[in-house]
Amino acid sequence: MVLGWRVAASIAWSVLLLPLCTAVFISISSIDLFHPIQWISNSFNDWYTSYVIFCILLMSVVILIISIFNVEFYAVVPSIPCSRLALLGKIIHPRQVIHSVVHAIMGMLVAWCAAVMTKGKFQFLALPCTASESLDGAVQHMCLNEYHLFLLLSGAFMGYNYSLLYLVNNMNYLPFPIIQQYKYLRFRRSLPLLVKRSCVESLYLVRNVCVAHYFFGYIPRAWISTTMDLHTDSKLHPLDTLTGLLDLSLLYHTWLCGVFLLITWHVTWLLFKIYATEAHHFPVQPTFAEETDQCLPKILNSNPPLIIKFLALQDLMLLSQYSPIRRQEVFSLSQPGGHPHNWTAISKECLNLLSDLTQKLIMQQEAAATNGRVKQPSTGELGRSLSSSEAAVKEEMAFQTQRSNVISRAHMPSLVKSSLLPLKALSTSDLGSSFGSPFSSPALNRKAGILDLNSPWHGSVQSPHVMRRGPKLWTSSSDLQMNGSPQASFSMISVARVGNEATQPSFIYTWLQNKQEQVRSFLSKRVLIMYFFSKHPEASIQAVFSDAQMHIWALEGLSRLVAASFTEDRFGVVQTTLPVILNTLLTLQEVVDKHFKLPHASSKPPRISGSLMDTSYKTLRFALRASLKTAIYRITTTFGEHLNAVQVSAEHKKRLQQFLEFKE
Amino acid sequence: MCSLALFPPPPAPGDVTLYECHNALVSGHIYEKLPLAFQDQLADLPVLTIPKETLKAHSRLEHSTKPAFIHHQETLWKRCLNAWRDVGMCGVLNEVANAEEADLQWMKTGSSWALALCHWVSSLHGSLFPHLSLCSEDMIAEFSQAVDWAGCSIRAFAWHPHTSKFAVALLDDSIRVYNTNSATVPILKHRLQRNVASMAWKPLCASILAVACQSCVLVWHLDPTSLSTRPSSGCAQVLAYPGHSPVTSLAWAPSGEMLLSASPVDTAMLVWDVSTENCVPLQWFGGGGVTYLAWSPDGSKVLAATPSAVFRVWEAQMWTCERWPTIKGRCQTGCWSPDGSRLLFTVLGESVIYSLSFSEYSGEMQGQVGGSKTASIVADLSETTFETLYGEARIGGEVHSMVWDPSGERLAALIRGNPETPESRTIVAVFRTRNSPVFELLPCGFLQGEPGAQPQLIAFHPCFKKGALLTVCWSTGRISHIPFFFVSAQVPCFSPSPSPVVALSSSSASVREQPLFSEL
């Protein structure tokens, strides 16, 4: 219900801002620097025309529909596509298709309004022909106004583009601000950036529209003129020619229309974001019986829509930080019975969240570990056997270099390419430069792989990509040989040997494994499939931590409450749960530490350019790590030496001691 | 009102202030030992001297590689493009105006006209905010908390908030981190670490140091257990924001989540979420920039001084601010009482300390700073002549920097002497303070260093158990620690969470409005 009011308020504000935008648009579109007074008075007069008022009403409807889509599509946990195929799947998902189509229609409507308000040559779709036959007077032919059509089409294009970017940039994600600010101030702060981004984006869109129109412009023109029985004006340049498109006033008005469209829609989106992420005040203890469902412990423990849960956790964080009175309520005992229900409910939910995260991270780490373990022995063996028969390798090189021309560098999957880079330095010294670029020779890559696996620094590779991507690269390049070279049976033998040396499983099992491997590598060889299926390592990590904002708030709220309990908790309700809290935090700390030591996890957040889109979800894991450490330090500095009396396992005690000495 | 006349005379020349015991400052010879009872308190604090001569100056003063290459005339187009990239529009105009090509006469005149207009506009802007015409090094020297930032070997100093560890920024743009428990002294160097104006350790963290540099904020992640003396520059996070340089002041939230950075050029101060490198600019036009930041120890308020005669107090929950115009000059420095209810500040051009009290903070009054109506003068530090056995001593003047110890019992003010009279000198005056039930400011004494040494920077140790410990950096490059032994009336605030002193503060509300004096 809270959310409903917020949505209504945000829509109301964006509709209220619409006339303002429209007025500015009208003034700028009819700009005339040589007659400033006439220009101003004209635009004043234009604001009250029935056209404009009708357009504003129509655009209010558009804004309403856009808002409905915002509300329908928003998410507090971003969905991060791990591979390109997933992204493609998202784009052709029916939901998204509807979104795109509706946005394209809305874009066309806005463009129509813009065209009507611009007046001049853009106003109508059909105009009386200026060609010679109209002079006959008998029949006034109507001609197609291609300028108008161009604006409409560009509007549709921009709408579709907006919808596509909305998906790709995760604009439906609601990022919660790092500091609390009043809504007006937040809006004012983001407005300049919004206007600037819209202007720049519109420039790119105009370029793309022009290119598209140059190639495909004749299709809609022919279609419209046949269905509506309009003629083409032979005197005017058709717009799918260079001379027709190089009309400065046309480009300017298209750009302005794009800016207008993007600003109004972005403002709607921004207002929705600001209203939805505003902190909400949940009561800790119900004053009336019917409010029980709305109080904080109840909401945390039930399963409300995710945004409500986020708001509740945010409120928990705020109350633990700023409000002594509400903290008192948390620490209080229930009136008959004397149970600390509030504290139990809140702490239980926070601990649940944190241990869930711990579980998730452990699972992910195990998956990552087994991934390496399954692959490495086989490839290691393969490498060793290959290195023993190096002569064969060299023999084959000539063949391979020929093949390599087929798989040119550009077609290689980007991931494989990046993993090759560190190898390059290693292999060139050994093999000399007789083969040119190491990229072009899979055999050389293989050589590098051998070196990689056998060299003494096998275990301690500096570059994480080498280790992780090594096996994958290996399988793909070895299969190249399998398919095309006389060495096809070679790996069969080696794999069989692996089997014999190990626990000696049945031959069929080995054969099946081998086949499976073959199919996989056959598929992975196909560049296109690799392109779509290859998982982006960064994206998959981001996906694991996509809902980390919840955990960050839980950590902050819990640690602040525990720290405040040192002086404010009169009944000692927190003391009973302190060992559990410490255990959970320290376990999570261990797991998170381990996660950041995984080879593929970069230890630094990526650079964020100043863009309108919030990309904070990409760096949530760093925020989680920092706030986890701060949370533990907050508890240890508050309690100091008293923590020695808390019962925790010996290992955790050691860890705590380190925190007490500020050595973590 | 407390005045310098009430102070005991400064120690005899040649003597050095050693410690405070039984409410009196003890001075003596520099090699004198502390009394036995206190010796173990200070045994492991490093006292060091970093003379200017030992620091290697820059081998290369200019930061571009231009002088290394032979001059070569490029076409005008190329030069304009380069100038656009390096300097911007003004550079292009300058390039065109000074072009030697003869056939572009009209363009040359046009661009020189445009350039003149630019200069005129910028001079107009500069006359509104004169500090904008300074070059960035002069600007840092002007607004730094160090007395002689440009000339002294020590440029910034910061104690770690929880452990006995401090960082010293030196003239050669390196930072050394001293730790009482380990002999290794990490030296931090980074390509972007130039002209360090300020440093701050992250609270509730083992070893994260934020450094305000000329072009950015660097955040060093040091491993406290590491034995390396030269952490690689990969350990440093670079936080840069267009238009936000030079950075002259930094402040961490006492809860450790956010970092504030300020630049005298940028009207916005930035709130950084350091772990994700996100920042939120808090824009407030007027004043022309932000020079000095001080976050109250309870985390509820932030003082932001500007280069013009106005300062602001931000409330740190909803980030609204109260504006305080001063009469004479800009706010030079300020410090907060431990409970965040009182702000002491000084103004350039006046030799007094002002006090500003705030209503008790509670989370229920969102978005209100809650300052009182007027600031009251609590100390008069105008020039006073002391008749001592060894001759006259003239002491007094503007306060350059001011620190309040974490227990709220001692206040140290670095008083800069009058530059016109040669015999007046820069000196540190120490006050005894009490914040509740009524605010009191009592004289304690002057601190004196070795002969010829002027105090440069002062800082209190954040968790000294036996009272307070003031660290003074002298102009000779010496860093000395002066302990004040006393029994604190209230438990030193070890945790950053606001300590409940509710009962005490309410009683002082009635007397808060009028200026409060202790003895006169």
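Everything quoted here is computed from the prediction, not taken from an experiment.

Chemist: It is not clear to me how the overall build of chain B should be interpreted in this structure. Could you clarify?
Modeler: Looking only at helices and strands, chain B features six helices and 33 strands. The burial tally for chain B puts 56% of its 520 residues in the buried class. For chain B, restricting intrachain contacts to residue pairs at least 6 apart in sequence, the fraction spanning at least 24 positions comes to 52%. By element, 58% of the accessible surface of chain B is carried by carbon and sulfur atoms, the whole surface being about 22,700 Å².

Chemist: I keep staring at unusual backbone geometry and nothing clicks. Help me out?
Modeler: Glycine aside, negative phi is the norm for most residues, and most peptide bonds take the trans geometry. Residue and element names in this part refer to chain B. Residue Ser-245 is joined to Pro-246 through a cis peptide bond whose omega torsion reads 0 degrees. Relative to the assigned elements, Pro-246 resides in the loop between β12 (236-239) and β13 (249-252). Residue His-22 is not a glycine yet carries a positive backbone phi of 50 degrees. In this fold, His-22 is placed in the loop between β2 (16-21) and β3 (24-28). Non-glycine residue Asn-195 carries a positive phi angle of around 50 degrees. Among the structural elements, Asn-195 can be located in the loop between β8 (187-188) and β9 (198-201). Taking relative accessible area as the criterion, Asn-195 reaches 7% and is therefore assigned buried.

Chemist: Help me out: how do you make sense of the pairing of strand β11 (residues 217-221) of chain B in this one?
Modeler: Residue and element names in this part refer to chain B. A large share of β11 lies buried, amounting to four of its five residues. Pairing of strand β10 (residues 208-212) with β11, which is carried by five bridges, proceeds in the antiparallel orientation. The partner of Val-211 across the bridge, within β11, is Leu-218. Linking β10 back to β11 in an antiparallel pair, the connection comprises four residues.

Chemist: What exactly am I supposed to notice about the packing of helix α5 (residues 94-118) of chain A against helix α10 (residues 248-276) of chain A here?
Modeler: For any two helices packed against each other, the geometry comes down to the angle between their axes and how far apart the axes lie. All names here are of chain A. Interhelical geometry of α5 versus α10 gives an angle of 125 degrees and a closest axis separation of 10 Å. Overall, the two elements α5 and α10 adopt an arrangement that is oblique. When the axes of α5 and α10 are compared, the crossing they make is right-handed. In this structure, α5 contributes His-103, Met-106, Gly-107, Val-110, Ala-111, Ala-114, Met-117 and Thr-118 to the contact, and α10 contributes His-253, Cys-257, Phe-260, Leu-261 and Trp-265. Residue composition of the contact of α5 with α10, grouped by class: nine nonpolar, four polar and no charged.

Chemist: Sorry, what's going on with the interface of chain A and chain B here?
Modeler: Quite often, the size of an interface is put as the accessible area lost when its parts meet. Chain A puts 34 residues into the contact, and the matching count from chain B is 41 residues. Both sides of the chain A and chain B interface together cover about 3,400 Å² of buried area, and 62% of this is carbon and sulfur. It is Ile-178, Tyr-322 and Phe-662 of chain A in chain A that bury the most area against chain B; as a group they hold 20% of the surface buried on that side. Linking chain A with chain B are two salt bridges. The partner of Glu-257 of chain B in a salt bridge is Arg-560 of chain A, and the shortest N-O contact between them spans 2.5 Å.

Chemist: How should the UniProt feature "transmembrane region" (unreviewed entry) in chain A be read in this particular structure?
Modeler: Residues and elements named next belong to chain A. In this structure's numbering, the residues bearing the UniProt feature "transmembrane region" (unreviewed entry) are residues 47-76, 97-117, 147-168, 204-224 and 250-272. Annotated as 95% helix and 0% strand, the span residues 204-224 places its first and last C-alpha atoms 27 Å apart. Taken end to end, residues 250-272 is 100% helix and 0% strand, and its first and last C-alpha atoms sit 33 Å apart.

Chemist: What exactly am I supposed to notice about helix α13 (residues 324-331) of chain A here?
Modeler: For an α-helix, 3.6 residues make a turn, and residues three or four places apart therefore share a direction. Where α13 of chain A is concerned, the buried positions are Arg-326, Arg-327, Val-330 and Phe-331 of chain A. Here the buried residues of α13 of chain A occupy an arc of 145 degrees about the axis, which is enough to place them on one side.

Chemist: How do you make sense of the confidence of the model for chain B when you look at a structure like this?
Modeler: For any part of a model where pLDDT is low, the fine detail of the predicted coordinates should not be relied upon. All names here are of chain B. Looking at chain B, pLDDT values average 83 and 88% of them are 70 or higher. Contacts of residues 491-520 to residues separated by more than four positions or lying in other chains number 37 contacts, the stretch itself having pLDDT below 50. Two summary scores accompany this predicted model of the complex, namely pTM at 0.79 and ipTM at 0.85.

Chemist: Where do I start with the packing of aromatic side chains in this structure?
Modeler: One pair of aromatic rings is described through two measures. These are the centre distance and the angle between the planes. Applying the stated rule across the entire model yields 38 aromatic pairs over all chains. Plain terms: the ring middles of Phe-566 of chain A and Phe-639 of chain A are 5.1 Å apart, the flat faces sit at 65 degrees to each other, and that makes the pair edge-to-face. Of this pair, Phe-566 of chain A sits in helix α23 (residues 548-568) while Phe-639 of chain A sits in helix α25 (residues 620-639); the two residues are 73 residues apart in sequence, bridging distant segments of the chain. Ring plane angle 10 degrees and centroid distance 5.0 Å describe the contact between Tyr-633 of chain A and Phe-662 of chain A, whose orientation is recorded as stacked. Taken together, the residues span a long stretch of sequence, with Tyr-633 of chain A in helix α25 and Phe-662 of chain A in the segment after α26 (650-660) at a distance of 29 residues. For Tyr-633 of chain A, a relative accessible area of 0% gives the class buried. Classification of Phe-662 of chain A by relative accessible area gives buried; the value is 6%. One aromatic cluster is present, built from ring pairs that chain together Phe-7, Phe-386, Phe-431 and Phe-446 of chain B. When the ring centre of Phe-73 of chain A is taken as reference, the NZ or CZ atom of Arg-95 of chain A above it lies at 4.3 Å.

About the cut-offs
The numbering scheme is per chain: residues are counted from 1 as the chain's sequence reads. Each chain gets a letter, beginning with A, and each ligand a number, beginning with 1, in the order they are written. With pLDDT at 70 or above as the cut-off, local features in this predicted model cover only qualifying residues; side-chain atom pairs require 80 or more to be listed or tallied, and sums for whole chains, interfaces and linings still use all residues. No hydrogens and no water enter the side-chain calculation; it runs on all heavy atoms of the structure. Under the scheme used here, helices are H or I runs from DSSP no shorter than 4 residues and strands are E runs no shorter than 2 residues, and both carry numbers assigned from the N terminus. Three labels apply to residues, based on accessible area from a 1.4 Å probe with only protein chains included: buried if under 20% of the type maximum, exposed if over 50%, partly exposed otherwise in between. Here, residues are in contact when the closest pair of their heavy atoms is within 4.5 Å. Each accessible area is a Shrake-Rupley result for a 1.4 Å probe, and residues are judged covered by the shown protein chains and nothing else. The criterion for strand pairing is that DSSP finds at least two bridges linking the strands in question. Helix axes are fitted only over the stretch in contact, all axes being lines through C-alpha atoms; the angle between N-to-C directions runs from 0 to 180 degrees. If an angle is under 35 degrees, it is roughly parallel; if it is over 145, roughly antiparallel; if it lies from 65 to 115, roughly perpendicular; otherwise it is oblique. Here is the rule for handedness: rotate from the far helix to the near one, and if that takes an anticlockwise turn smaller than a right angle the crossing is left-handed, while a clockwise turn gives right-handed. Ten residues, namely Ala, Val, Leu, Ile, Met, Phe, Trp, Tyr, Cys and Pro, are considered nonpolar, four, namely Asp, Glu, Lys and Arg, are considered charged, and the remaining ones, Gly among them, are considered polar. Two parts placed together each lose some accessible area under a 1.4 Å probe, and the buried area is that loss summed for both. Every case where a carboxyl oxygen of Asp or Glu lies within 4 Å of a side-chain nitrogen of Lys or Arg is listed as a salt bridge. UniProt positions are given in the numbering used here, feature names are shortened, and annotations may be inferred rather than shown by experiment. Working definition: the arc comes from the directions between the helix axis and the C-beta atoms, pointing outward to the latter. A residue's pLDDT is the confidence the predictor assigns to it, expressed on a 0 to 100 scale. Working definition: rings of Phe, Tyr and Trp (its six-membered ring) pair if their centres are within 6.5 Å, and the pair is stacked with planes under 30 degrees apart, edge-to-face with planes over 60 apart, and tilted otherwise. Our definition puts a charge over a ring when NZ of Lys or CZ of Arg is within 6 Å of the ring centre and also within 35 degrees of the ring normal.

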